[in-house]
Amino acid sequence: MAKPRPLEFDKQKIVAENRRARYDYHLDEKFEAGIMLTGTEVKSLRFGSGTIAESYAEVKDDEVWLINANIPEWSHGNRHNHEPKRPRKLLLNRRQINKFYGAVMRKGMTIVPLSIYFNGKGRAKIELALAKGKKAPDKRATEKDRDWKRQQGRLLREHG
């Protein structure tokens, strides 16, 4: 019998986070994927540098690729250092890839990276989410709800 999937992923050291994604998209389902990296990319990530703010993932030829993620060159690298914004292959099960492909093609969803982190075994992982873009009124409603929750907290602390 297979082990049940944990609700939260084992994040030991978070390297990069895409906080803007929660504001710009309705997040539907989250997945954990491995990333194919070169040695200098892993060293650069362990050093704590990397951004996924404008990045996204796409399904191409039955493979999932992370596009536009920036992992800067490692400072002690030599001429074999990596290219900072190269496309990186994501490691997923066939069933997950098919789910991504169906959601993107049929439902018009986007695959958004939420964070890059190292798990308990020291492997670099990425948290992905199937997401649908928010319109301007949705963003305003989200901001209004957030402000109201903040106001409630203040009121409870003052009069509580």
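Residues numbered from 1 in each chain as written. Predicted model: local features only at pLDDT ≥ 70, side-chain atom pairs only at ≥ 80, totals over all residues. Heavy atoms only, no water.

Which entries qualify depends on this criterion: UniProt positions are given in the numbering used here, feature names are shortened, and annotations may be inferred rather than shown by experiment.
Going by the annotation in an unreviewed UniProt entry, the name recorded for the protein chain is SsrA-binding protein, with Parasphingorhabdus litoris given as the source organism. The record held by UniProt for the protein chain lists under Sequence similarities (unreviewed entry) the comment "Belongs to the SmpB family."

**Some words on the overall build of the protein chain**
Rule in force here: Numbering of helices and strands runs from the N terminus, with a helix taken as a DSSP run of H or I at least four residues long and a strand as a DSSP run of E at least two residues long. We get accessible surface area from the Shrake-Rupley algorithm with a probe of 1.4 Å; when it comes to residues, only the shown protein chains can shield them. Within this scheme the basic residues Lys and Arg register as positive and the acidic residues Asp and Glu register as negative, but His and the chain ends are omitted. The atom standing in for a charge is NZ when the residue is Lys, CZ when it is Arg, CG when it is Asp and CD when it is Glu.
Counting its secondary structure elements, the protein chain contains 4 helices and 7 strands. What you see in the protein chain, going N to C, is helices and strands ordered as β-α-β-α-β-β-β-α-β-β-α. Just so you have it, the protein chain exposes about 10900 Å², and 49% of that area is on carbon and sulfur atoms. A distance of 2 Å separates the average location of the 35 positive side-chain charges in the protein chain from that of its 21 negative side-chain charges.

**Quick notes on a positive patch on the surface**
The test is simple: Each patch is built from residues lacking any salt bridge and having more than 30% relative accessible area; the joining distance is 9 Å for like charges and 5 Å for nonpolar side chains (Val, Leu, Ile, Met, Phe, Trp, Tyr). By convention in these notes, a salt bridge is any Lys or Arg side-chain nitrogen within 4 Å of a carboxyl oxygen on Asp or Glu.
Residues R106, K107, K132 and K135 make up a contiguous surface patch of positive charge. With respect to the helices, strands and loops of the structure, R106 is situated in helix α3 (residues 94-107).

**A look at the side chain of S115**
Stated formally: Buried residues are those whose accessible area, probed at 1.4 Å on protein chains only, stays under 20% of the maximum for their type, while exposed residues exceed 50% and partly exposed ones sit between those limits. Note on contacts: a residue pair qualifies if any of its non-hydrogen atoms lie within 4.5 Å across the two residues.
Along the chain, the position of S115 falls in strand β6 (residues 110-118). S115 gets classed as buried once you look at its relative accessible area, which sits at 1%. Each residue touching S115, except ones within four places of it in the same chain, is listed here: K11, A16, E17, I52, K125, I126 and E127.

**Thoughts on the nonpolar core**
Inside soluble globular proteins, nonpolar side chains tend to come together where they are buried. Put simply, the test is: What makes a nonpolar core is a set of buried Ala, Val, Leu, Ile, Met, Phe, Trp, Tyr and Cys residues whose side-chain atoms join them at distances within 4.5 Å.
Judged by nonpolar contacts, the single largest core of 25 residues is most densely connected at V64, L90, F100, I116, I126, L128 and L130. Secondary structure elements with two or more residues in this core: β1 (13-17), β2 (25-35), β4 (63-67), α3, β6 and β7 (124-133). Among the elements that take part in this core, β7 stands out by supplying 4 residues, more than any other. In contact with I126, not counting residues within four places along its chain, are F31, E32, A33, I35, L66, L90, P113, S115, I116 and Y117. Core analysis: the next-biggest nonpolar cluster, separate from the first, contains 5 residues, A21, V112, A129 and A131 among them.

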